[in-house]
Amino acid sequence: MQDAEKPSFLAADHVSFTVDDLEPAVSFYCDVFGASELFRMGPLDAADLPRDAEGRDWTEAHIGVPGACISLVMLRLTDNLNLQLIAYSKPDDRRTERPRHCDAGGHHLGLKVDNVEKASRYLAAHGCEVQEIIAIEDGPLAGKKNLYLRDPFGNAIEIVD
């Protein structure tokens, strides 16, 4: 392995959620979370993009999905985090089930709020599948509260105070 100088990792830029239908997801995150749209791209079809030196199409070479067609919208979710929403119209064999938290690839988005109870009521009223609030009594997070939920599209979110 070559000796390489470590870059400065400065901040998180974005988190990405794959959604089945882009427009309802964009509307939800803008209307409910107050996100603002930064830009859109696509549809970008691998069939229309040049192949690399090894003959792979762009989507295979860069995201590991040969023959894909993608559209995406980048949203400003908070002052320090963007949310990329991406929809695939190809390949035809894409899966629709979400991984569980314990599965490889399991994930969630964690957002900090000023009031977990208020956030729970608000998000439930806007179509989220909200679980009960967890009040943490012991350990390094004693006195904190958190809440797990799924947005209307099945993406896992954790709300913390």
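Coordinates for the structure precede this section.
Residues numbered from 1 in each chain as written. Predicted model: local features only at pLDDT ≥ 70, side-chain atom pairs only at ≥ 80, totals over all residues. Heavy atoms only, no water.

J.: What's the story with a nonpolar patch on the surface in this structure? I'm lost.
T.: A surface patch of nonpolar side chains, amounting to about 260 Å² of accessible area, comprises Leu38, Phe39 and Met41. Residue placement: Leu38 occurs in strand S2 (residues 36–45). (Patch = residues over 30% accessible without salt bridge, like charges linked within 9 Å, V, L, I, M, F, W, Y side chains within 5 Å. Areas by Shrake-Rupley, 256 points an atom, 1.4 Å probe, with all protein chains shown as cover. Salt bridge = Lys/Arg side-chain N within 4 Å of Asp/Glu carboxyl O. Helix = DSSP H or I, 4+ residues; strand = E, 2+ residues; numbered from the N terminus.)

J.: Any chance you could explain the pattern of salt bridges here in plain terms?
T.: Any two side chains of opposite charge can pair if their charged atoms end up close together. Following the criterion strictly, the structure yields 8 salt bridges and no others. Between Glu37 and Arg40 there is a salt bridge, and its shortest N-O distance comes to 2.7 Å. Given a relative accessible area of 37%, Glu37 falls into the partly exposed group. One salt bridge connects Arg56 with Asp52, and the closest N-O pair in it is separated by 2.7 Å. For Asp52, a relative accessible area of 26% translates into the label partly exposed. Among the charged side chains, a network of salt bridges with common partners joins Glu23, Glu37 and Arg40. (Buried < 20%, exposed > 50% of the residue type's maximum accessible area, 1.4 Å probe, protein only.)

J.: Just checking my understanding: could you explain unusual backbone geometry for this structure?
T.: Excluding glycine, residues mostly carry a negative phi; peptide bonds, for their part, are mostly trans. The amide bond that connects Gly42 to the next residue, Pro43, takes the cis arrangement and shows omega of 10°. Looking at the secondary structure, you find Pro43 in strand S2. Going from Lys90 to Pro91, the amide bond is cis rather than trans, its omega being 5°. Counting through the fold element by element, Pro91 comes out in the loop between strand S4 (81–90) and strand S5 (109–112).

J.: Looking at this model, I keep getting lost on the sheet that holds S2. Mind explaining?
T.: Strands belonging to one sheet form pairs held by backbone hydrogen bonds; the direction of such a pair is parallel or antiparallel. Spatial strand order, S1-S4-S3-S2: 4 strands in an open sheet with mixed pairing. Edge positions in the sheet fall to strand S1 (14–18) and S2, since each of these pairs with one other strand and no more. The sheet shows a mean angle of 20° between the axes of neighbouring strands, taken without regard to direction. Taken together, the 9 bridges between strand S3 (residues 69–78) and S4 define a ladder with antiparallel strand orientation. Bridging from a neighbouring strand, Val73 pairs with Leu85 of S4. (Pairing = 2+ DSSP bridges. Axes fitted to C-alpha atoms, helices over the stretch in contact; angles between N-to-C directions.)

J.: Honestly, the nonpolar core in this entry has me stumped. Any pointers?
T.: If you look at soluble globular proteins, the nonpolar side chains tend to sit buried side by side. Ranked by internal contacts, the top residues of the largest apolar core, which has 26 residues, are Leu22, Tyr29, Leu75, Leu77, Leu85, Leu149 and Ile159. Contributing elements (two or more residues each) for this core: helix H1 (22–33), S3, S4, S5, helix H3 (116–125), strand S8 (145–150) and strand S9 (156–160). Per-element accounting of this core gives the leading share, 6 residues, to H1. Among residues more than four places away in sequence, those in contact with Ile159 are Leu111, Val113, Val116, Ala119, Leu123, Lys145, Asn146, Leu147 and Leu149. (Core = buried A, V, L, I, M, F, W, Y, C linked by side-chain atoms within 4.5 Å. Contact = heavy atoms within 4.5 Å.)

J.: Mind showing me how you'd approach the pairing of S9 here?
T.: Across a regular strand the side chains alternate sides, sitting on one face of the sheet and then on the other. With 4 of 5 residues buried, S9 is to be regarded as a mostly interior element. Pairing between S5 and S9: 4 bridges, direction parallel. Bridge pairing in S9 links Leu111 to Ile159. For S8 and S9, the ladder comprises 5 bridges, and the chain directions are antiparallel. The residue bridging Leu149 from the neighbouring strand is Ile157, located in S9.

By themselves, these figures tell us nothing about what the structure is for.
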